[in-house]
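The primary structure of each chain is shown beneath.
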Amino acid sequence: MRALLWCNGKISNPEIVDHLSQGATLFGVDGGADKAAKLGFNVEQVIGDLDSVNRTNWENTTILSDESSSDLVKALHYVSNRGYKEVDVVGIEGGCPDHILGIWAALCDAPPNLNIRLHHELGKTVRYHPNSGKMRLSMPIDTEFSVFALENCDHVEVTGAKWEINSEPMKFSTRGLHNIAKQENIFLTSDGIMAIIIHNH
């Protein structure tokens, strides 16, 4: 089962959403529900505190009032509890710096069992969780990608890249910025949560 979460930010390429919506259940994350509906997409439910959505447009909504987490984190936990394992997230670009950083922080707060992909105008971010074991990332040779540790890690390993990482410690820094795929399959393992940004080739 795959969920598509539509957040309230900018979507630069609607064709990406057309592709991602095929075979997925679409959930609006607060104001993202209005944006999705305006473009003709069928939104199953609205998730969030509904402070930036037109409530009169939605009769069957899911209102989660936990103020200790963002609407995206609420949505990720909600779809996990519904049994979804694969989650694509759109509408995450633009806005204030705190909201942008909050998107990244949501990868740390999300349930460990979810395979999460954040979709940007120029690529996508894949969340790695240590519960996943060894992750294989398929991409064309010479694709640019970056690896960020979202928490302190003692052992990070990246193979198949121009600059490999051999069981080294990493923290949130520029250590893994701008790498290049030298094989079609890049393999990553870590004892902490990572974000892998893959550029469009």
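Residues numbered from 1 in each chain as written. Predicted model: local features only at pLDDT ≥ 70, side-chain atom pairs only at ≥ 80, totals over all residues. Heavy atoms only, no water.

### Quick word on the overall build of the protein
Okay, step 1: Looking only at helices and strands, the protein has four helices and 14 strands in total.
Okay, step 2: Against the compact-globule benchmark of 17 Å for 201 residues, the protein has a radius of gyration of 17 Å, which places it among compact chains.
Okay, step 3: Dimensions of the protein along its principal axes, counting C-alpha atoms only, are 55 × 35 × 30 Å.
Okay, step 4: The proportion of buried residues among the 201 residues of the protein is 47%.
Okay, step 5: Residue pairs at least 24 apart in sequence account for 62% of intrachain contacts in the protein once pairs closer than 6 positions are excluded.
Okay, step 6: For the protein, the accessible area works out to roughly 10300 Å², and carbon and sulfur atoms hold 49% of it. (Helix = DSSP H or I, 4+ residues; strand = E, 2+ residues; numbered from the N terminus. Rg over C-alpha atoms; globule rule 2.2 N^0.38 Å. Buried < 20%, exposed > 50% of the residue type's maximum accessible area, 1.4 Å probe, protein only. Contact = heavy atoms within 4.5 Å. Areas by Shrake-Rupley, 256 points an atom, 1.4 Å probe, with all protein chains shown as cover.)

### Section: the pairing of strand E5 (residues 86-90)
Okay, step 1: Counted residue by residue, E5 has four buried out of five residues, so it is predominantly covered.
Okay, step 2: Here five bridges tie strand E1 (residues 2-6) to E5, and the two strands are oriented parallel to one another. When the bridges of E5 are listed, Trp 6 appears paired with Val 90.
Okay, step 3: Relative to strand E6 (residues 115-119), E5 runs parallel, the two being bridged by four bridges. Pairing of Asp 88 across the sheet is with Arg 117, part of E6.
Okay, step 4: A crossover connection joins E5 to the parallel E6 through helix H4 (residues 97-109); in handedness this β-α-β unit is right-handed. (Pairing = 2+ DSSP bridges. Right-handed = clockwise from strand over helix to strand, strands pointing away.)

### What about the side chain of Asp 30?
Okay, step 1: Considering the arrangement of structural elements, one finds Asp 30 in the loop between strand E2 (25-29) and helix H2 (32-38).
Okay, step 2: No salt bridge forms around the buried Asp 30; measuring N to O, its nearest opposite-charge neighbour Lys 74 is 7.3 Å away.
Okay, step 3: Those residues within four positions of Asp 30 in sequence are excluded, and the remaining contacts are Val 46, Ile 47, Asp 49, Leu 50, Asp 51, Ser 52, Val 53 and Asp 71. (Lys, Arg positive; Asp, Glu negative; His and termini not counted. Salt bridge = Lys/Arg side-chain N within 4 Å of Asp/Glu carboxyl O.)

### Section: the packing of aromatic side chains
Okay, step 1: Scanning all chains against the criterion turns up three aromatic pairs.
Okay, step 2: Centre to centre, the rings of Phe 27 and Tyr 84 are 5.7 Å apart; their planes meet at 85 degrees, and the pair counts as edge-to-face. One end of the pair, Phe 27, is in strand E2; the other, Tyr 84, is in the loop between helix H3 (71-81) and E5, and 57 residues separate them in sequence.
Okay, step 3: Take Phe 27: its relative accessible area is 0%, and that puts it in the buried class.
Okay, step 4: Overall, Tyr 84 belongs to the buried group, its relative accessible area being 4%.
Okay, step 5: In this structure an aromatic cluster arises from ring pairing among Phe 27, Tyr 78 and Tyr 84. (Phe/Tyr/Trp six-rings, centres within 6.5 Å; stacked < 30°, edge-to-face > 60°.)

### Quick notes on the sheet that holds strand E10 (residues 153-159)
Okay, step 1: Spatially, four strands are ordered E8-E13-E10-E11 in an open sheet, and the strand pairing comes out antiparallel. The two strands at the open ends of the sheet, each matched to only one other strand, are strand E8 (135-138) and strand E11 (165-170). On average, each strand axis in the sheet is inclined to that of its neighbour by 25 degrees, with strand direction left out of account.
Okay, step 2: Judged from the four bridges that link them, E10 and strand E13 (residues 185-190) form a sheet pairing that is antiparallel. For Glu 157, the partnering residue across the bridge sits in E13 and is Thr 189. (Axes fitted to C-alpha atoms, helices over the stretch in contact; angles between N-to-C directions.)

These values are about where atoms sit, not about what they do.
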